[in-house]
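# Structural overview
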Amino acid sequence: MRKNRLLFVAICYSLFIWSCSTEKEEPLFQLLSKEATGISFSNNLTSDRDFNIYKYRNFYNGGGVSIGDVNNDGLPDIYFTSNQQSNKLYLNKGSLQFEDITDKSGTNGTRAWSTGVTMADINADGLLDIYVCNSGDVKGDNKQNELFINNGDLTFTESAEEYGLADRGFSTHTSFFDFDKDGDLDAYILNNSYRSIKDFDLRRNERPKRDVLGGDKLMENRNGKFYDISEQAGIYGSIIGFGLGVTIGDVNGDSWDDIYVSNDFFERDYLYINNQDGTFSEELTDQINSISGASMGADMADVNNDGMNDLFVTEMLPKEYERLKSVTTFEDWKRYQYGVKNDYYHQFTRNTFQVNNGNNTFSEMSRFAGIEATDWSWGALFFDMDNDGLRDLYVANGIYRDLTNQDYIQYASSEEIVRQLVSDEGTNYKALIDAIPSNPITNYAFKNINGINFEDRTSELGLEIPSFSNGSAYGDLDNDGDLDLVVNNVNMEAFIYENQASVQGGNYIQFNVKGNEPNQFGIGTKIRATSANGDTYYIEQQPIRGFQSSMDPRPLLGLKDNSPLDLEVIWPTGKVSRYKNIAVNSSFTLDESDQGAAGMSLDVSSTDIIFSNYSPLYYFHEENQYADFDVDRALYLMKSTQGPKMTSADVNGDGLVDFYIGGSKGFAGQLAIKNGDSFDFKSLDAFEKNSISEDAESVFFDADGDGDQDLYVCSGGIEFGSASTALIDRLYLNDGEGNFTNSNQLLPEKTFFVSSSTVSTLDYDQDGDLDLFVGEGSKPLKYGLPGNAYILANDGKGVFTNVTSSVASELNELGMISASAIPDIDGDGDPDLLIVGEFMGIELYENDNGQFKKLSSNQLSDQTGWWSSVHAEDLDGDGDIDFVVGNHGFNSRFRASNDEELALFIADFDQNGALDPILSKYEADGKAYPYGLRHNLIDQIAVLKKKYPNYESFKNASVEDIFSQDQLRDAVELRANQMASVLLINEGDFNFTLKELPWQAQTSPIYAIAAADFDKDGDMDIILGGNLHGVKPEVGRYDASYGTLLINEGDMNFVAADPKLGFSIGGEIRDFVVLEDQVIISRNKDQAIQIKY
Amino acid sequence: MKRNFLILSLFSLLFVACDSGEKSITIPADVYHQSMDKLSDVIVHDIFSPPVASRIYAYPSIAMYEILAQNNAEYKTLSGQLTELESIPTPEEEVSYELAALEAFLILGQKLIFSEDRIESYKTELYTELQTGVNKSYFNASLVYGQQVADHIWAWADKDNYKQTRTYPKFTVTDDPTRWQPTPPGYFEAIEPHWTQIRPFAIDSSTQFVPERPTAFDMNPKSQFYKELMEVYTVGNTLNEEQKEIASFWDCNPYVMNQTGHIMGSTKKITPGGHWIGIIKIACQKTESNPMKSAEAYALTSIALADAFISCWDEKFRSNLIRPETLINEHIDEEWVPLLQTPPFPEYTSGHSVISNAAAVALTSIFGDDFAFDDTTEEKYGLPVRSFTSFVDASEEAAISRLYGGIHYMPAIENGVTQGRALGNYLVNKIELRNESLAQSKD
């Protein structure tokens, strides 16, 4: 199983083509000194006995930044919040020099603990006011939010009470927007619960109960004063709201602002869709499948220039290996299930990147994009750092004390010290807190490569200084046409980064948005731009974003080139303005009162629907409550939820195609008999008798030569011991009218039982009857050990004999086989074999007069993957058979390449009678590192606790460190280097060109593949289905796929169709049956459906 | 710790100092108690669950007993009396049995826990004191013998199916409303669902003392089960100060979770078995028992504790009964929190009831009825001293404390007491430690 480094010519869809800017340039961002800027702000924290991280859980959450021009001199000014000391207002004097005018402006703030800050024109006088959120005062009453009304003379008057905005909750941030399109700015006040985390019982879901004092609030502006209308508007504001981010924008393209709320801890996030009638519907669970667990700040913007807002939410997953192994723990499967059961939804420890599908669904693509892990992150900002027309991603992170340091939690925090803490008397808080490690970490900056792939460019961009960073904001501080960056740090001076994009090239347009009174900054304005080259851009005027911060309220778009733009501007009031042929690389004023630009909104042209008439069938697939991870504790992905698979044929001779759908353990398979527009589902006694078996695959064929369709069903899965008769495959013989009788043969092998996974029919010996190929999948409790494949010869009467040893002796111990296809690959008239599986290459066997010979020089053999499905079809119409092969895809924590392969080490390392499969990855240093955390490995191999008494000792241990050379020598090692689902283009003589399927096909593991001319243009198109929900939380379930329709554009070029063309099916798709004008789709633990094409 | 070594230093002054060294060494009983305390500390530190901790106490105690009994005609070997235990080797040279017993105890203790360096550094310091004035080869020969016996006991221990059960299937949670499910605040998975497969020490099998069936699950308010559930709720809501003190005193939860914001802390305490190990020390010190008698008490009681856990866990994962906290929150009062954190395993029977009563029977057989004592075991964990008139008095309080703690229904306590006593009586009748009958033997 050693990898073979044969060079292999593979044409890949080059997602990653970009010119490497390797020439040493000045970093894009230059950190300016405090001497140069005059800004010496630092958010300094002091713990004391009465107030510290133990007394206040958000002690290290840090402050925010607002950028905005408070004196309308054209130069954006900066306001910082300081948690414990005076906030600071710095006046921009030009040339990136600033003056501290806090004291004379009266904007210090007087409350106990300041958090988020927003600049907005709240009293509608054309001047930016400053709204500061306050929190922290646990026992006292000194946390009312403050509103500094701009007097126009660089002085401000605190007036929160008067405006109805002196909220008393633990406020994190507040966003201002016109939710009801009545022209004025309303407010969403984001609060963080008063309650201590330990006081919650998850079963008591408190979400619906409003906490009037401490909950989130939607405040309606009525003639300049704000009123709490949360309840009538459908806004949650409960004691379990742990708000750390409020992000506002239009997610469904109706130009009404929607709201995304990120909640820390166990509460899920909220997605409020604006009902356009003064109310919202919370639709997160309908539109989004996986969310961040302890969600922090977020941002919303059009990342792929498709005209729709995408969403990014930060969490705390470290990217750096040693931090992952020392400061991270994940929920176990049961705890995760418990949260789901109690309505906290699918939350995971990672950032989430919700790509808007444009049909009220999102696909979570953070793992695909490579942006899921940025350590303890506070906020994210999408902005085009290099003015190339694609918004890049900045993440500010760091926590002054590593509160989740596992050694601290397990050992240092306990025993004597914590006993004192618990008794609450005589506690030495300082000692307790000083024991928590403090490690500054690097913020992250990712370059947007193509709208979906991101690359970590933190250090190239000059942003790599380790820090404890929280709120951050961008703005064009020097008015040179690029976005500079300001970052608020704990116990460290703030960063002021000057962006050099305008010097280094790049194109942009900056907008001065002038709305009508009272919303003179036009908050909520949507701007669509189309360049003369046809590039499209979308930006919203919403300066309040990221974490506790607000941006320069002059939206700036980076552009691909300098061609002029046409603009369509939708004002918050609904009014539309249009501008033609606008020159770029300058600023441009959009004025709502400019009558010349007024126009109607264009209708979006409708497209031809390919799939329609989605209708559920009267069949719901069920699974028992088996949890693979209870038995095979080292597995990451469940093996027991691979069904239901289907096979179709006319079973009753009525000329209509029926199908069989397999049952999971405890549920019998069923026949679906075509009846009119639908199917009648029925179970037969013969099937019921074998309901204990897990149907892994099946095929209809005429086994006994009587002219009707008999049925072979693979009994598979991992829920049975190797001695269980439930693993015997079944051949049911048809009486011609659709009645089936079990032939009671011991299949595929008489002497022992096999968990089979795939079956194909073939006439290998060309004797006129159909023989069988059967493959063995993952062995129960022996994950990783190779299974066999079998050739079963038909005696012509439907009696099968295992003839593998005489006709295909190389099929022994092949691997964990998942799928097979048996077409005539070389066009010599007899069927050949293509076999794929998990940790297997794509294996080819040539049929040489009834003898199968492994192809000696098969380059596909080196393409080791987690292959899960295969479909054979002549896709280019050249007369030979091509293949589509389904794999794990790219939207995963498991990534592999030739240089960094996945590896599985299997042995009974602790000699306790159970195999220990250790899933690992070879890193750049050539060593394999386990995926498991210390406690996961100890759970499997208890003695490791002696070798690694703490997390520190384990944090950089490689597989070679953990196990001895002797142990590893005796272990089986499997490797995988290819995760892409691919096309294999038949070039004749068993030569193939391997081509990656487009990225839309790589969003989840693929379990179902079919081909037909769906768009009826004369060539074969492809549909793919996948997703897998039975996945441990540290990996996170695969749910981003809504099925993929690949349209054949000729020359083996396949392009993913827009989901709006009708192919958008959620859930775990397991199989397709393609009929004349419809497709049957089976899904695990879900309804089967049919859809017309 | 420092104080103990001071006492030890005084003892060492009694050794006859001589350059060549004496071929004799006197180890006071307190050194064994102190070593047992050390083992308890590491068990607490490493967070071993109650059943696993009982196994850790048993093997070193048996090794210690077997070595000392070799050299004491009044005592019988346990080989042949405990399942699959064969006679320990005899020394080839002149050795100190007391030192060898200590060495075997510490070697096995160290093997059974995780934080080996904690035992190692303790041992280094202890042996530096002990070897003062002692003939070096004699000292070393004693250690070699201790090692031989430890190896012998370890080979026996290694076949008790502990290793294999480490990767047996975890407890699967289902929708069955009667079935145990994880409890707040930690929602930990069920501890040791296959402990019934551990080889017992002296009982015939894990199923020898199957208790009565628990009351049939029935959420009809008129049912017996519902009454018993309401009893937990009502008693929990009306606890007086003494009841609260009793519940906390016998909490013995090795891992109580405390969460403060992002910080997850824990309070670690000795296990129920560890508490009784502490009581043995108190009894030995009060009776000024010599090392031999102390070893007898440790061996017999730790065997009773270990077998009681096997018996109790066999029942727990037979009945898989749901905890009162889960049902009360679901059906009666969603805000109700028991005084003690519900430990992570099924309800029936109460582990503390079973093991405390088995231990009390064992201790009574050695120290007699009406053995009054002040229980200072939990002082180290910030809890007050409680006084008892007898071991049985203490074991009954331990049992009822689980009702006060809000973590058990009454049948788990009552039937647990019966189960523990039956098991204890069986053991003290079966195991012969003295050459004359135990009843007649008095030091």
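Turning our eyes to something else, we now look at the domain arrangement of chain B. Residues and elements named next belong to chain B. In terms of domains, chain B is made up of domain 1 (25–160) and domain 2 (199–442). Between the C-alpha centres of domain 1 and domain 2 there is a distance of 27 Å. Across the boundary between the two partners, domain 1 contributes 43 residues, which contact 43 residues of domain 2. Together domain 1 and domain 2 conceal approximately 3700 Å² of surface at their shared face, both sides included; 63% is due to carbon and sulfur atoms. At the junction of domain 1 and domain 2, the tally comes to 4 salt bridges. E84 is the partner of R199 in a salt bridge, and the nearest nitrogen-oxygen pair spans 2.8 Å.

When two helices pack together, their arrangement is given by the angle between the helix axes and by the axis-to-axis distance. Residue and element names in this part refer to chain B. At a minimum axis distance of 11 Å, the contact between helix α2 (residues 29–46) and helix α4 (residues 97–112) shows a crossing angle of 5°. As the angle between them shows, α2 and α4 are arranged roughly parallel. Counted together, V31, Y32, S35, M36 and L39 of α2 and E98, L99, L102, F105, L106 and G109 of α4 form the full contact between these two elements. The class makeup of the residues in the contact of α2 with α4 is 8 nonpolar, 2 polar and 1 charged.

Residues and elements named next belong to chain A. By the criterion of burial, strand β6 (residues 114–120) is predominantly enclosed, with 7 of the 7 residues buried. Relative to strand β7 (residues 129–134), β6 runs antiparallel, the two being bridged by 5 bridges. Pairing of S114 across the sheet is with N134, part of β7.

Another aspect to go through is the sheet that holds strand β1 (residues 29–31) of chain A. Residues and elements named next belong to chain A. Here 4 strands make up an open sheet; going across it, the order is β1-β32-β31-β30 and the pairing antiparallel. Edge positions in the sheet fall to β1 and β30 (469–475), since each of these pairs with one other strand and no more. With direction set aside, neighbouring strand axes in the sheet form an average angle of 25°. With 3 bridges joining them, strand β31 (residues 484–489) and strand β32 (residues 495–499) adopt antiparallel strand pairing. The partner of V486 across the bridge, within β32, is I496.

Turning our eyes to something else, we now look at the packing of helix α13 (residues 351–367) of chain B against helix α15 (residues 410–430) of chain B. Residue and element names in this part refer to chain B. Two elements in contact, α13 and α15, have axes whose closest approach is 7 Å; the angle formed by their N-to-C orientations is 35°. Seen from above, α13 lies across α15 with right-handed handedness. Contact with α13, carried on its side by S353, V354, N357, A358, V361, A362 and S365, involves A412, I413, G416, V417, Q419, G420, R421, L423, G424, N425 and V428 of α15 and no other residues of that element. Broken down by class, the residue content of the contact of α13 with α15 amounts to 9 nonpolar, 8 polar and 1 charged.

Looking now at the interface of chain A and chain B. Facing the 48 residues of chain A at the interface are 47 residues of chain B. Carbon and sulfur atoms make up 52% of the area that chain A and chain B hide from each other, which totals about 4300 Å². The residue D939 of chain A makes a salt bridge to K170 of chain B at a minimum N-O spacing of 2.5 Å. The tally of links between chain A and chain B comes to 16 residue pairs in polar contact (both at pLDDT 80 or more). Elements with a minimum of two residues in the side of chain A that touches chain B: α7 (333–341), α9 (406–412), α10 (415–423), α13 (628–631), α16 (934–940) and α17 (944–947) of chain A. Of the residues contributing to the side of chain A that touches chain B, the split by class is 19 nonpolar, 9 polar and 20 charged.

Scored by pLDDT, chain A has a mean of 94; 95% of the residues are at 70 or more. Segment residues 1–23 of chain A is flagged for pLDDT under 50; beyond a separation of four residues in sequence, or across chains, it makes 43 contacts in the model.

Here we take up the sheet that holds strand β19 (residues 298–301) of chain A. Where strands meet in a sheet, backbone hydrogen bonds hold them as pairs that are either parallel or antiparallel. Residues and elements named next belong to chain A. Here 4 strands make up an open sheet; going across it, the order is β19-β20-β22-β23 and the pairing antiparallel. In this open sheet, the two strands that pair with only one neighbour each are β19 and β23 (362–364). The average angle at which neighbouring strand axes cross in this sheet is 15°, direction not considered. Across 3 bridges, the pairing between strand β22 (residues 352–356) and β23 is antiparallel. Bridging across to β23, N356 finds its partner in F362.

Here the bond from L747 of chain A into P748 of chain A is cis, since omega is -5°, no more than 30 degrees from zero. On the secondary structure map, P748 of chain A appears in the loop between β50 (740–742) and β51 (756–762). Geometrically, the link from P184 of chain B to P185 of chain B is a cis peptide bond, its omega value of 0° lying close to zero. Turning to its location among the elements, P185 of chain B is positioned in the loop between α7 (162–165) and α8 (224–237). The backbone of N305 of chain A shows a phi angle near 55°, a positive value even though the residue is not glycine. Along the chain, N305 of chain A falls in the loop between β19 and β20 (310–313).

Next up on the list: the pairing of strand β39 (residues 565–570) of chain A. Residues and elements named next belong to chain A. The element β39 is extensively covered by neighbouring structure, given that 5 of its 6 residues are classed as buried. Direction of pairing for strand β34 (residues 526–531) relative to β39: antiparallel, over a ladder of 6 bridges. Considered in β39, the bridge of A529 is made with L567. For β39 and strand β40 (residues 576–582), the ladder comprises 5 bridges, and the chain directions are antiparallel. For E568, the partnering residue across the bridge sits in β40 and is R578. Linking β39 to β40, which pair antiparallel, is a turn of 5 residues; within it G574 sits at a positive phi near 105°.

Our next topic: the packing of aromatic side chains. For the coordinates displayed, the defined rule picks out 89 aromatic pairs over all chains. On the basis of an interplanar angle of 80° and a centroid distance of 6.1 Å, the ring pair of Y65 of chain B and Y75 of chain B is categorised as edge-to-face. You can see Y65 of chain B sitting in helix α3 (residues 50–70) and its partner Y75 of chain B sitting in the loop between α3 and α4, a full 10 residues away along the chain. The exposure class assigned to Y65 of chain B is buried, which follows from its relative accessible area of 0%. Taken together, the ring pairs connect F51, Y56, F59, Y60, W113, F170, Y194, Y400 and F468 of chain A into an aromatic cluster. In this structure, K181 of chain A packs its charged tip against the face of W256 of chain A, placed 5.2 Å from the ring centre. A cation over a ring is seen here: R934 of chain A above Y951 of chain A, with NZ or CZ 4.6 Å from the ring centre.

All names here are of chain A. Along the chain, A928 turns up in strand β64 (residues 928–930). Residue class for A928 comes out buried when judged on its relative accessible area of 5%. As for A928 and G850, which are separated by 78 residues in sequence, their C-alpha atoms are 42 Å apart. Setting aside its immediate chain neighbours within four residues, A928 contacts F905, S920, K921, Y922, S958 and V959.

Time to look at the nonpolar core. With 136 residues, the main nonpolar core has L78, L82, I153, W276 and F391 of chain B as its most contacted residues. Looking at this core element by element, the count peaks at 16 residues for helix α11 (residues 291–319) of chain B. When residues of this core are assigned to domains, at least three fall in each of domain 1 (25–160) and domain 2 (199–442) of chain B. If near-sequence neighbours (up to four positions away) are discounted, L82 of chain B is found in contact with I62, W156, F201, A202, I303 and I431 of chain B. Core analysis: the next-biggest nonpolar cluster, separate from the first, contains 35 residues, L96, F383, A445 and M551 of chain A among them.

Residue and element names in this part refer to chain B. The end-to-end C-alpha separation of helix α5 (residues 116–130) is 21 Å, in line with the 21 Å expected for 15 residues at 1.5 Å each. For α5, the complete set of buried residues consists of I119, Y122, K123, L126, Y127 and L130. Projected down its long axis, α5 carries its buried residues within an arc of 125°, all on one side.

Next up on the list: the environment of G1030 of chain A. All names here are of chain A. One can find G1030 in the loop between β69 (1021–1026) and β70 (1044–1048). For the pair G1030 and M638, spaced 392 residues apart in sequence, the C-alpha to C-alpha distance is 5.1 Å. G1030 has contacts with W333, F629, Y636, L637, M638 and E1068, leaving out every residue within four places of it along the chain.

Low-pLDDT portions of the prediction should not be read for the details of their coordinates. Residue and element names in this part refer to chain B. The share of residues in chain B with pLDDT of 70 or more is 93%, and the mean pLDDT across the chain is 92. Predicted confidence for residues 1–19 stays below pLDDT 50, and this span has 19 contacts to residues more than four positions away or in other chains. Predicted confidence is poor over residues 437–443, with pLDDT under 50, and the contacts of this stretch with residues over four places away or in other chains come to 7 contacts. Scored as a complex, the prediction yields pTM 0.92 and ipTM 0.83.

A few words on the pattern of salt bridges. Under the defined criterion, the tally for this structure stands at 67 salt bridges over all chains. A cluster of three or more residues bridged by salt bridges with shared partners is formed by R195, E206 and K209 of chain A together with E334 of chain B.

Conventions and cut-offs
- Residues numbered from 1 in each chain as written.
- Chains lettered and ligands numbered in written order.
- Predicted model: local features only at pLDDT ≥ 70, side-chain atom pairs only at ≥ 80, totals over all residues.
- Heavy atoms only, no water.
- Domains from an automatic or database assignment.
- Contact = heavy atoms within 4.5 Å.
- Buried area = accessible area lost by both parts, 1.4 Å probe.
- Salt bridge = Lys/Arg side-chain N within 4 Å of Asp/Glu carboxyl O.
- Axes fitted to C-alpha atoms, helices over the stretch in contact; angles between N-to-C directions.
- Helix = DSSP H or I, 4+ residues; strand = E, 2+ residues; numbered from the N terminus.
- Parallel < 35°, antiparallel > 145°, perpendicular 65-115°, else oblique.
- Nonpolar A, V, L, I, M, F, W, Y, C, P; charged D, E, K, R; others polar.
- Buried < 20%, exposed > 50% of the residue type's maximum accessible area, 1.4 Å probe, protein only.
- Pairing = 2+ DSSP bridges.
- Left-handed = near helix turned anticlockwise from the far one by under 90°.
- Polar contact = N/O pair within 3.5 Å; in protein donor to acceptor, adjacent residues only side chain to side chain.
- pLDDT = per-residue confidence, 0-100.
- Phe/Tyr/Trp six-rings, centres within 6.5 Å; stacked < 30°, edge-to-face > 60°.
- Lys NZ or Arg CZ within 6 Å of the ring centre and 35° of its normal.
- Core = buried A, V, L, I, M, F, W, Y, C linked by side-chain atoms within 4.5 Å.
- Expected span 1.5 Å × (residues − 1).
- Arc of directions from axis to C-beta.

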